[in-house]
Amino acid sequence: MQLTRIVAAGMALALTLSACGGTGGGQSGSTGAASSGGLEKTELLIGVVPVASSASLFIAEKRGFFKEEGLTVKTEIIQAPTAVMPKILNGSMDVFLGSYVSFMTINDSGAAKLKLFQHTMGGAPGFCAVVVNKDSPIRTVADLKGRTVAVNVLKTLGHTVVNAHLREAGLKVDDVKFVAVPFADQLGALASGKVDAAWLAEPFLSAARKDGARQIVDTIGGPTAGVPIDGWGVTEQWLAKNPKTAAALHRALAKGQEIAGADRKAIDEVVPTYTQIPADVAAAMRVGDFTMEADRPSVQRLADLMHGFGFLKARPDVNQLFASVGE
């Protein structure tokens, strides 16, 4: 598990670096309307998850797209929006990356009203999967009956897509026990026997394969083919208060997204800078589709899965999730 430890150490280092200033320096909350074409805010704190999806932001930073829009961006590494809700609600964190599942779960709970204003990644084969130890007797999804499966957070993306594959294999959702284990700790939990299987996303999935883990099911396929992964979000209140800043940020992120969708090398160049994983692992990992917009029927299909599994109290109209950002 040496490579996994390297990745985990890199994440810890990324957390330290982000606390010292991230990509942009400056403090969130500064205003600069007089000097930046009427923007309500010019210095932003953005929560980024140390996964491939965040590459579009770092490409935009590297290419100077934020500066062109009069923006200074500081980043903070997060694991999910739910982990930093106080900062999101009080406005000290302006923008954040989150999975579609997280956005819908938070909105359904009533904790906040979130809007997704720039899609990042759609699911593609090989991006996330369930793995077991190489000598495990588990060979198929059906073999998970009565077993314990680790996911990074309960009732989010991993829990949802694994449940979909369990159902396709003829199992009930309560045939399997799910436990929350951070990605960086999952192979250790497998090796010690605390869990029987683990759901991993990149770059941890590539690290697990190199450490000898065996994949039993690709969770972007079959009943979950093409599901959307994540995007950049804000609160409805922040969007209403900062429409010009939101439009400027959207333009910069969209440029970074377009490059990420067209040039894999651009992704490989930036991923080690915010995850601290080795460049060869970054180059080997599989990523989803960096498209400019989400496929809304696929978002609705994901929402329907979540509602069917009891993760959402109400079946949402996903069109209400997306923000309209002026240019």
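Computed from a prediction, not measured in an experiment: that's the story for all the values here. (Residues numbered from 1 in each chain as written. Predicted model: local features only at pLDDT ≥ 70, side-chain atom pairs only at ≥ 80, totals over all residues. Heavy atoms only, no water.)

A.B. asks: What am I meant to see in the sheet that holds strand β6 (residues 148-151) here?
C.D. replies: Within a beta sheet, neighbouring strands are joined by backbone hydrogen bonds and run either parallel or antiparallel to one another. Spatial ordering of the open sheet is given by β7-β6-β8-β5-β9, a layout of 5 strands whose pairing is mixed. Whereas interior strands pair on both sides, the edge strands pair on one side only; in this sheet they are β7 (177-180) and β9 (214-218). Looking at each pair of strands side by side, their axes are set apart by 30° on average, direction ignored. Relative to strand β8 (residues 197-201), β6 is paired through 2 bridges, and the arrangement is parallel. Its bridge partner being in β8, Ala-150 is matched across the sheet by Ala-198. Of the strands in this sheet, β5 (128-132), β6 and β8 touch helix α7 (residues 183-192), which is tilted by about 155° from β8. (Pairing = 2+ DSSP bridges. Helix = DSSP H or I, 4+ residues; strand = E, 2+ residues; numbered from the N terminus. Axes fitted to C-alpha atoms, helices over the stretch in contact; angles between N-to-C directions. Contact = heavy atoms within 4.5 Å.)

A.B. asks: Sorry if this is basic, but what is going on with helix α11 (residues 264-275) here?
C.D. replies: Each α-helix winds once per 3.6 residues, and so residues spaced three or four apart point in a common direction. With 12 residues, α11 should cover 16 Å at 1.5 Å per step; its first-to-last C-alpha distance of 17 Å lies within 8% of that length. Capping of α11 at its N-terminal end is provided by Asp-263; its side-chain oxygen lies 3.1 Å from the backbone amide nitrogen of Lys-265. Just past α11, the residue Gln-276 takes up positive phi, approximately 60°. (Expected span 1.5 Å × (residues − 1). Polar contact = N/O pair within 3.5 Å; in protein donor to acceptor, adjacent residues only side chain to side chain.)

A.B. asks: Mind showing me how you'd approach the packing of helix α6 (residues 157-168) against helix α13 (residues 296-308) here?
C.D. replies: Packed helix pairs are characterised by how far apart their axes lie and by the angle those axes make with each other. Two numbers describe how α6 lies on α13: the axes approach to 10 Å, and their chain directions differ by 75°. In this view, α6 runs roughly perpendicular relative to α13, as classed from their interaxial angle. Residues Thr-160, Ala-164 and Arg-167 of α6 touch α13, and the partners they reach there are Leu-302, Leu-305 and Met-306. Looking at side-chain class alone, the contact of α6 with α13 contains 4 nonpolar, 1 polar and 1 charged residues. (Parallel < 35°, antiparallel > 145°, perpendicular 65-115°, else oblique. Nonpolar A, V, L, I, M, F, W, Y, C, P; charged D, E, K, R; others polar.)

A.B. asks: Got a minute to help me understand the pairing of β6 in this structure?
C.D. replies: If a strand is regular, its side chains alternate between the two faces of the sheet. Of the two faces of β6, the one lined by Thr-148 and Ala-150 and the one lined by Val-149 and Val-151 are each fully buried. With 4 bridges connecting them, β6 and β7 associate as parallel partners. Opposite Val-149, over in β7, you have Phe-178 as the bridge partner. Handedness of the β6-α6-β7 crossover: right-handed. (Buried < 20%, exposed > 50% of the residue type's maximum accessible area, 1.4 Å probe, protein only. Right-handed = clockwise from strand over helix to strand, strands pointing away.)

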